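One-letter residues, chain by chain:
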Amino acid sequence: MKRQQMQENGLRMRASAVALIFGAGLALSGCQDGAKPFDFLKKKPADDSSADAAATPSKATKLVERDVEAPQVFSVDEQGLWDGRPSLGGVWVAHPKVKDPERVIIRNPSNGKFVIGALFRREIDNPGPKLQVSSDAADALGMLAGAPTELSVVALRRETAPVADETTPLVDKPVIAAPEKVEQKSLDAVTSTAAGAIAKAEATGKAAAKAPAKPAIGEAPTPAPAPAPPVAEPQTPAKSMVKAPAGKMYIQIGIFSVEANAKRAQTQMGKAGVIATIKKEQSQNKTFWRVIAGPAPSKSDLNALKTTIHGLGYPDAYPVSN
C-alpha cells in the first residue's frame, strides 16, 4: 500500500511540473511585442481569391442539339417494300449495304410523308426491292402492302450548336432623324382667308341661281351654261402595311448539309401553303442550308405557323429572329 501511494504521489508531482513549464512558456511568448499566444485557437480567415472567384458568376454558353442529315454516312433513293406482315421493333428499314445500325430519316416523295427511325442490315438479299420496310414505318409513310414505293433514306447525326446571344442590341448607336420644321401662322390670317373663300362661294351660288334673261325678238338664244365638272371625291389613303413586331417572328424548319434535301423541304412546305426560304450559310469551313418560314405578322400567327410545320413532320422547328 505504501509503495502504491508513493507511485501516485510521484505521478502527481510530474504532472504539476509539466503544467508549470507549459504555463511559463505561454507567459514568455506573451511578453514579446505584438505576439498573441492564443492566435492558433482562432479560425483562419477565408481566402480573398476564393471569395472573388465565388462572387464572379461563370458565363455559360447555351447549346442546342439538332438533327443534321449525313449523306456521307448512308444515303439511298430506291424502292422499298412492305410484305404486309406485322413486324416488331417499331419504325425501321433494312438494307444489305448497311454496316452498323444508324438513325435515319425515311421520306416518301410521292405523298410528302416522312418518319425518323432505325436502319439495320438486311441479312437475306431476296429478289425485288432491296429496302425492307417495317409495318410501323409503312403505316407512317402511307405505303400499301406488296406495292413497291420509291423511298429516300438518309442517315442523321446529332450536332451541338451555340445559340446567339439575343441580349445584344441590333444597332449599337441608333441615329434619330431631326424633326421637321413646322411653319407657324397666325390664326387671324387663316380665319380671314376662310371667310373670303366662303363669301366668294356664296356669291357664285347666287349668280348661278338667277334665271337667264329672255333674248330679244330676232336674237339668237343665249346658250345654256355648260354643266360644272363633277367634283372628284377625295380618295381614302390606303392603309399602311402593318409591320411585323420585332423579335422571333420566323420559324426555322431545319438545317441541311445537302442543298437538294433543303429544296425538298421547301417544296413540301409550299404544297402545304407555307412559304419557306432557303439561306446558304457557312460555319467552321462547312456549308449548310437553313430553311425558314415567315415572318409572321403577330405572335398568334407565329404559333399557328409553328403548329402547322410540326404537323408536317418537323417537330424540332422553333422560332428564330432571322
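Just above sits the structure.
Everything quoted here is computed from the prediction, not taken from an experiment.

Here we look at the packing of aromatic side chains
Part 1: Evaluation of the coordinates by the stated rule reveals two aromatic pairs.
Part 2: Relative to Phe120, the ring of Trp92 lies with its centre 6.4 Å away and its plane at 70°, an arrangement referred to as edge-to-face. Linking Trp92 in strand E3 (residues 92-95) with Phe120 in strand E5 (residues 113-121), this pair joins segments that are 28 residues apart in sequence.
Part 3: When the ring of Phe114 is compared with that of Tyr314, the centres are 5.0 Å apart and the planes differ by 55°; the resulting orientation is tilted. With a gap of 200 residues between them, Phe114 in strand E5 and Tyr314 in the loop between helix H6 (299-311) and strand E11 (318-320) connect regions that are remote in the sequence.
Part 4: Classification of Phe114 as buried rests on a relative accessible area of 12%.
Part 5: On the basis of relative accessibility, which here comes to 7%, the residue Tyr314 falls in the buried class.

Some details on the sheet that holds E11
Part 1: Reading across the sheet, the four strands line up as E9-E10-E8-E11 and stay open at both edges, with antiparallel pairing between neighbours. At either margin of the open sheet sits one strand with a lone partner, and together these are strand E9 (276-283) and E11. Strand-to-strand twist in this sheet, taken as the mean axis angle between neighbours without regard to direction, amounts to 45°.
Part 2: Relative to strand E10 (residues 286-293), E9 is paired through eight bridges, and the arrangement is antiparallel. Each bridged residue has a counterpart across the sheet, and for Gln282 the counterpart in E10 is Thr287.
Part 3: Where helix H5 (residues 259-271) meets the sheet, it contacts strand E8 (250-256), E9 and E10, and its direction lies at approximately 155° from that of E9.
Part 4: Its contacts with the sheet put H6 on E8, E10 and E11, and the angle it makes with E8 is roughly 30°.

Remarks on H6
Part 1: Taking 1.5 Å as the rise per residue, H6 with 13 residues should run 18 Å; its terminal C-alpha atoms sit 18 Å apart, in good agreement.
Part 2: Tucked inside the fold, the buried residues of H6 contact E8, H5, E10 and E11.
Part 3: Phi for Gly313, located one or two positions after H6, is positive at around 105°.

Let's talk about the pattern of salt bridges
Part 1: Overall, the coordinates contain seven salt bridges when judged by the stated rule.
Part 2: The partner of Arg107 in a salt bridge is Glu69, with the nearest N and O atoms 2.6 Å apart. Taken together, the residues span a long stretch of sequence, with Arg107 in strand E4 (residues 102-108) and Glu69 in strand E1 (residues 63-69) at a distance of 38 residues. Neither residue differs from the other here; Arg107 and Glu69 are each classed as buried.
Part 3: For the salt bridge of Asp83 with Arg85, the shortest nitrogen-to-oxygen distance reads 2.7 Å.
Part 4: Judged by relative accessible area, which is 40%, Asp83 ranks as partly exposed.
Part 5: Salt bridges linked by common partners bring Asp67, Arg103 and Arg158 together as one network.

Comments concerning the environment of Arg122
Part 1: Checked against the element boundaries, Arg122 lands in the loop between E5 and strand E6 (131-133).
Part 2: With a relative accessible area of 11%, Arg122 lands in the buried category.
Part 3: Taking the C-alpha atoms as reference, Arg122 lies 7.9 Å from Lys97; in sequence the two are 25 residues apart.
Part 4: Excluding anything up to four places from it in sequence, Arg122 contacts Ala94, His95, Pro96, Pro129, Lys130, Leu131 and Gln132.

Regarding H5
Because an α-helix completes one turn every 3.6 residues, residues spaced three or four positions apart along the sequence face the same direction.
Part 1: The terminal C-alpha atoms of H5, which comprises 13 residues, lie 19 Å apart, in line with the 18 Å expected from a rise of 1.5 Å per residue.
Part 2: Regarding H5, the residues found buried are Asn261, Ala262, Ala265, Gln268 and Met269. Buried positions in H5, seen along its axis, are confined to an arc of 120° and lie on one side of it.
Part 3: If you follow the buried residues of H5, they end up packed against E1, E5, E8, E9, E10 and H6.
Part 4: Gly273 occupies a position one or two residues after H5 and carries a positive phi of about 85°.

Comments concerning the environment of Pro96
Part 1: Of note, Pro96 is situated in the loop between E3 and E4.
Part 2: The spacing of Pro96 and Gln132 is 36 residues in sequence and 9.4 Å in space, taken between C-alpha atoms.
Part 3: Contact partners of Pro96, with chain neighbours within four places excluded, come to Arg121, Arg122, Asp125 and Lys130.

Overview of the pairing of E3
Part 1: In E3, alternate side chains face the same way, and those of Trp92 and Ala94 on one face and Val93 and His95 on the other are all buried.
Part 2: Pairing analysis gives four bridges linking E3 to E5, with the strands arranged parallel. Paired with Val93 across the two strands is Leu119, which belongs to E5.
Part 3: In this structure, E3 lies alongside E6, joined through two bridges in antiparallel fashion. Following the sheet pairing, Ala94 is matched in E6 by Gln132.

About the criteria used
Residues numbered from 1 in each chain as written. Predicted model: local features only at pLDDT ≥ 70, side-chain atom pairs only at ≥ 80, totals over all residues. Heavy atoms only, no water. Phe/Tyr/Trp six-rings, centres within 6.5 Å; stacked < 30°, edge-to-face > 60°. Helix = DSSP H or I, 4+ residues; strand = E, 2+ residues; numbered from the N terminus. Buried < 20%, exposed > 50% of the residue type's maximum accessible area, 1.4 Å probe, protein only. Pairing = 2+ DSSP bridges. Axes fitted to C-alpha atoms, helices over the stretch in contact; angles between N-to-C directions. Contact = heavy atoms within 4.5 Å. Expected span 1.5 Å × (residues − 1). Salt bridge = Lys/Arg side-chain N within 4 Å of Asp/Glu carboxyl O. Arc of directions from axis to C-beta.

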